[in-house]
Amino acid sequence: MKREEVIDLIATTATDFLGSARASELGKIDEKTRLFGREGILDSLGLVNLLLDIEQQLNERHGVSLSLSDDRAMSQTRSPFRSVETLTDYILALMHEQPAA
Amino acid sequence: MSNPPPDTSERPVALITGTRKGIGRHLAEHLADRGYMVVGCSREMPDWSIGNYEHVLADIAEENDVKRLFAHIQKQYRRLDVAINNAGIASMNHALLIPIATFDRLFAVNVRGTFLVCREAAKVMRARRFGRIVNFTTIAAPLALEGESIYAASKAAVENLTRVLSRELASFGITVNAVGPSPIETDLIRGVPKDALQKLLDRLAIRRFGTFADVANVVDFFINPGSDYVTGQILYLGGVS
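All of these numbers come straight from a predicted model, not from anything done at the bench. (Residues numbered from 1 in each chain as written. Chains lettered and ligands numbered in written order. Predicted model: local features only at pLDDT ≥ 70, side-chain atom pairs only at ≥ 80, totals over all residues. Heavy atoms only, no water.)

A. The packing of helix α1 (residues 22-33) of chain B against helix α7 (residues 212-223) of chain B, seen in detail. Residues and elements named next belong to chain B. Viewed as axis vectors pointing N to C, α1 and α7 meet at an angle of 55°, and their least axial separation amounts to 10 Å. Relative to α7, the element α1 lies oblique. In this structure, α1 crosses over α7, and the sense of that crossing is right-handed. Between α1 and α7, the contacting residues are Gly 22, Ile 23, His 26, Leu 27, His 30 and Leu 31 on the first element and Phe 212, Ala 213, Val 215, Ala 216, Val 219, Asp 220 and Ile 223 on the second. Per-class residue counts for the contact of α1 with α7 are 9 nonpolar, 3 polar and 1 charged. (Axes fitted to C-alpha atoms, helices over the stretch in contact; angles between N-to-C directions. Helix = DSSP H or I, 4+ residues; strand = E, 2+ residues; numbered from the N terminus. Parallel < 35°, antiparallel > 145°, perpendicular 65-115°, else oblique. Left-handed = near helix turned anticlockwise from the far one by under 90°. Contact = heavy atoms within 4.5 Å. Nonpolar A, V, L, I, M, F, W, Y, C, P; charged D, E, K, R; others polar.)

B. How the structure looks around the confidence of the model for chain A. This prediction gives chain A a mean pLDDT of 90; 97% of its residues lie at or above 70. For chain A, helix α2 (residues 20-26) of chain A is the element with the lowest average pLDDT, namely 84, and helix α1 (residues 3-18) of chain A is the one with the highest, namely 95. (pLDDT = per-residue confidence, 0-100.)

C. Expanded view of the state of the cysteines. Residues and elements named next belong to chain B. For the structure shown, the criterion picks out 0 disulfides over all chains. Cys 118 supplies the cysteine sulfur nearest to Cys 41, a cysteine that is in no disulfide, at a spacing of 13 Å. Judged by its relative accessible area of 1%, Cys 41 is buried. (Disulfide = S-S within 2.5 Å. Buried < 20%, exposed > 50% of the residue type's maximum accessible area, 1.4 Å probe, protein only.)

D. Spotlight on the interface of chain B and chain A. Each side of the interface is counted separately: chain B has 7 residues, and chain A has 9 residues. Note on chain B versus chain A: buried area summed over both sides is about 690 Å², and carbon and sulfur give 42% of it. When the area that chain B buries against chain A is broken down by residue, the three leading residues are Lys 123, Arg 126 and Phe 172 of chain B, summing to 63%. Applying the counting rule to chain B against chain A returns 3 salt bridges. A salt bridge links Arg 78 of chain B to Glu 60 of chain A; the shortest N-O distance between them is 3.3 Å. At the junction of chain B and chain A, the tally comes to 4 residue pairs in polar contact (both at pLDDT 80 or more). Elements supplying a minimum of two residues to the side of chain B that touches chain A: α2 (63-76) and α3 (100-126) of chain B. Taken together, the residues that form the side of chain B that touches chain A break down as 1 nonpolar, 2 polar and 4 charged. (Buried area = accessible area lost by both parts, 1.4 Å probe. Salt bridge = Lys/Arg side-chain N within 4 Å of Asp/Glu carboxyl O. Polar contact = N/O pair within 3.5 Å; in protein donor to acceptor, adjacent residues only side chain to side chain.)

E. Broad picture of the nonpolar core. Residues and elements named next belong to chain B. Ranked by internal contacts, the top residues of the largest apolar core, which has 33 residues, are Phe 70 and Leu 80. The set of elements that each furnish at least two residues to this core consists of β1 (13-17), β2 (37-42), α2, α3, α5 (149-169) and β6 (174-180). Per-element accounting of this core gives the leading share, 9 residues, to α3. Not counting residues within four places of it along the chain, the set of residues in contact with Leu 80 comprises Val 13, Ala 14, Leu 15, Phe 70, Ile 73, Ala 121, Val 124, Met 125 and Phe 130. (Core = buried A, V, L, I, M, F, W, Y, C linked by side-chain atoms within 4.5 Å.)

Now the structure itself:
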């Protein structure tokens, strides 16, 4: 998957999860959107739900099986899931580490 | 996994670990009788088969095996209503004589395996906002039985895991409870001396061996859709508290 496709998948999944009313209130979700922590659009439970939805979408739409689990997940400053940008980097790095099928 | 079962989209699906024999086999038969599609697993194939049952070879201590098991459930049935963490191993020995390899394997199956199945089961259950997870503990934990140090310690870990997960998974509509059987005449206690078992029975309020039906009765209660306000509970059989 290309970087733009991953960003689009995260943005679409987040919009679906938040619901159209909340999503339009927040404006366009793009690479700079903060997901979690200070000024984040999600609380901790929302982040868990979003990550599981993204895992499911990656698997069902792209045949990619990833586990978005990390010890730093709930860290305000070091979480790889704190923004769309860092989550995209994280997903691409995991995909890169996977052995070719 | 080579023979796909019939269409089960409307039938509730239950996963039971450790179904090759003993309590796991009995629960598989019980839930299949009750109309569930039962997926069972163990490291070796069972020497029995029934309708509405599919067996998957898996070592629940191995993350890849557990992920493969749940990928199959998701693909084949697209739902999971019940997960019963029955698989477990016991060790009866004086603490000073326990090889560390025994400790590692026992915790790998009883704690790591239970955690992995809970984690992956909750991911599947979350989609329908309904799930019932039943873990297995033992009366050896509250009774602090001599000779069962690592077994009791591993099940104490399962009990706390059950309590914490009940809180973390409540918002997904998933309940997490545990049943703690008293001694049941299965392979797990085959090597235990008779006088030791009698001493144990003497510590119960109801002084008899437990039965498969006693365990199934508690499981039925926990997985009943009407038990949606019952979570984080540890229920011991035989009158231990």
